[in-house]
Amino acid sequence: NALVRIGPLFAIYNLPHINQVHVLFRAQLLDVGFSPGIESLEVKLFSESEIPWETLAFRVIREPLERYFAERREGTLGFH
């Protein structure tokens, strides 16, 4: 339930052990009037330093976030 402008493709993760493929895009949040959807109890915006890294449920989310922040600092956002 977020209004976003989809940007470039950032990463594709193949998870054959659970028969899933995750396709991740960079995007711009256009409105702060977002809300939880059917798979979320709560949603919130975090700065990089506020992300609760040790409690993120899925490695497939943690790894691209870490890569994104590292590349953003370097000014070299790519595709993975």
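Our subject in this report is the structure included herewith. (Residues numbered from 1 in each chain as written. Predicted model: local features only at pLDDT ≥ 70, side-chain atom pairs only at ≥ 80, totals over all residues. Heavy atoms only, no water.)

Regarding the packing of aromatic side chains
Overall, the coordinates contain three aromatic pairs when judged by the stated rule. Seen from their ring centres, Phe10 and Tyr68 are 6.1 Å apart, and the 80 degrees between their planes marks the pair as edge-to-face. Remark: Tyr68 occurs in helix H1 (residues 59-74) and Phe10 occurs in strand S1 (residues 4-15); sequence separation between them is 58 residues. The class for Phe10 is buried, based on a relative accessible area of 5%. Where Trp53 meets Phe69, the ring centres are 6.4 Å apart and the plane angle is 85 degrees; that geometry is what we call edge-to-face. (Phe/Tyr/Trp six-rings, centres within 6.5 Å; stacked < 30°, edge-to-face > 60°. Helix = DSSP H or I, 4+ residues; strand = E, 2+ residues; numbered from the N terminus. Buried < 20%, exposed > 50% of the residue type's maximum accessible area, 1.4 Å probe, protein only.)

What about the nonpolar core?
Formed by Phe10, Ala11, Tyr13, Leu15 and Val60, the largest nonpolar core amounts to five residues. For this core, the leading source of residues is S1, giving four residues. Residues within four places of Phe10 in sequence aside, it is in contact with Leu24, Phe25, Arg26, Pro64, Arg67, Tyr68, Glu71, Leu77, Gly78, Phe79 and His80. (Core = buried A, V, L, I, M, F, W, Y, C linked by side-chain atoms within 4.5 Å. Contact = heavy atoms within 4.5 Å.)

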